[in-house]
Amino acid sequence: MRVRVAYFFLLLSFVMSSCEPTDGTVTTKESTSTPDHTFFELLPAEKTGVSFVNEVADRNDFNILTYRNFYNGGGVSIGDINNDQLPDLYFTANLTGNKLYLNKGDFQFEDITEKAGIAGTKAWSTGVTMADVNGDGWLDIYVSNSGDVAGDNKENELFINNGDLTFTESAAQWGLNNKGYSTQAAFFDYDLDGDLDCYLLNNSFKDPSKIELFRSMRDKPDELGGDKLYRNDGAKFTDVTLQAGIYSCLLYTSPSPRDRG
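The following paragraphs examine the structure supplied in this document.

### A few points about the overall build of the protein
- Secondary structure assignment for the protein yields 6 helices and 12 strands.
- Counting only residues that meet the buried cut, the protein has 36% of its 261 residues in that class.
- Accessible surface for the protein amounts to roughly 15,400 Å². Of this, 56% is attributable to carbon and sulfur atoms.

### Here we look at the pattern of salt bridges
- Tallied over the full model, the rule gives 6 salt bridges.
- One salt bridge in this structure joins K179 and E155, with 3.8 Å as the shortest N-O distance. Residue K179 is located in the loop between α5 (171-174) and β9 (182-188), and its partner E155 is located in the loop between β6 (140-146) and β7 (157-161); the two are separated by 24 residues in the primary sequence.
- A single salt-bridge network, built from bridges that share partners, covers K104, E110 and K115.

### Brief notes about the side chain of S125
- Turning to its location among the elements, S125 is positioned in strand β5 (residues 124-131).
- We classify S125 as buried; its relative accessible area is 4%.
- At 3.3 Å, the side chain of S125 and the side chain of N98 are in polar contact.
- Side chain to side chain, S125 and N145 meet in a polar contact 2.8 Å long.
- Residues contacting S125, with those up to four places away along its chain left out, are G74, T92, A93, N94, N98, V143, S144 and N145.

### So, the environment of T66
- Along the chain, T66 falls in the loop between α3 (45-48) and β1 (76-79).
- T66 gets classed as partly exposed once you look at its relative accessible area, which sits at 23%.
- When the C-alpha positions of T66 and G147 are compared, they lie 10.0 Å apart, and in sequence the two are 81 residues distant.
- A polar atom in the side chain of T66 sits 2.9 Å from the backbone nitrogen of N63.

### Structural notes on the pairing of β7
- For β7, the tally of buried residues reaches 5 of 5 residues, placing the bulk of the element in the interior.
- By the bridge criterion, 3 bridges tie β6 to β7 in an arrangement that is antiparallel. The residue of β7 that forms the bridge with V143 is E157.
- One ladder, built from 3 bridges, connects β7 with strand β8 (residues 167-169); its direction is antiparallel. Opposite N161, over in β8, you have F167 as the bridge partner.
- Counted along the chain from β7 to the antiparallel partner β8, the turn is 5 residues long, and its residue G163 has a positive phi close to 85°.

### With respect to the sheet that holds β9
- Read from one edge to the other, the open sheet built from 4 strands follows the order β9-β10-β11-β12, with strand pairing classed as antiparallel. The sheet terminates laterally at β9 and β12 (237-239), the two strands that pair on one side only. Adjacent strand axes in the sheet meet at a mean angle of 25° when their direction is disregarded.
- Relative to strand β11 (residues 228-232), strand β10 (residues 197-202) runs antiparallel, the two being bridged by 3 bridges. Across the sheet, residue Y199 finds its bridge partner in β11, namely L229.

### A closer look at the sheet that holds β6
- A sheet is described by the order of its strands in space; here 4 strands give the open sequence β5-β6-β7-β8, paired in antiparallel fashion. Looking at which strands have only one partner, the edges of the open sheet turn out to be β5 and β8. On average, each strand axis in the sheet is inclined to that of its neighbour by 20°, with strand direction left out of account.

### Here we look at the environment of F70
- By the element assignment, F70 lies in the loop between α3 and β1.
- According to the relative accessible area criterion, F70 is buried, its value standing at 0%.
- On a C-alpha basis, the gap between F70 and G147 in space is 7.9 Å, while along the polypeptide they are 77 residues apart.

Criteria and cut-off values
- Residues numbered from 1 in each chain as written.
- Predicted model: local features only at pLDDT ≥ 70, side-chain atom pairs only at ≥ 80, totals over all residues.
- Heavy atoms only, no water.
- Helix = DSSP H or I, 4+ residues; strand = E, 2+ residues; numbered from the N terminus.
- Buried < 20%, exposed > 50% of the residue type's maximum accessible area, 1.4 Å probe, protein only.
- Areas by Shrake-Rupley, 256 points an atom, 1.4 Å probe, with all protein chains shown as cover.
- Salt bridge = Lys/Arg side-chain N within 4 Å of Asp/Glu carboxyl O.
- Polar contact = N/O pair within 3.5 Å; in protein donor to acceptor, adjacent residues only side chain to side chain.
- Contact = heavy atoms within 4.5 Å.
- Pairing = 2+ DSSP bridges.
- Axes fitted to C-alpha atoms, helices over the stretch in contact; angles between N-to-C directions.

Structure follows, in structure tokens:
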């Protein structure tokens, strides 16, 4: 035991001495942990004007036990909605209205949600994507919605930019009013025809006890569950999920509220 103790202190002494500077100067913990400069600065809402908070409160009929994605949070998208070379901010909220902040420069933002007509009307917003959906040179905003387990108040919303800091909700007109349990969307030109197509990530119902049935059920498409691929055909998006060979299945067709999402 004495040999082991002696060996331990010898090793400790070696480690401590190896950490000392070779020029004989003494380095304190404070001097090594305090940087000369920082890369980021936390700006308060009083300065920026961005006071968005995604408040989520449990209810007897709607909580983590009835909706498994209750604490997944909302989304944020950054883009220049008025082409002034300043990035603007859009936040989605789960239980309250979404927010759009216009960048005024010098880290000053203005909440223009109400006058822009872009708060959203659905039960529970999740992700958000800015993209020039109609190809007119102005960024549009596509909001994914979910959460309404019992009803149909979860259609995705597409806000078309009018070019004057106002938007018009046009998801049904463009064929992007998906009613599933959406999480996020990505716009890209998958068929290389010069316009933006849409890949929509939807959360499927999944019963863990039946996960072994995945292979036998993955060829059964479902309207609400599973991802979707929409092809931009000019003035309308067409669902080409199956045609493109993408699985869009509902793993479990009769979920309890707890298993929905």
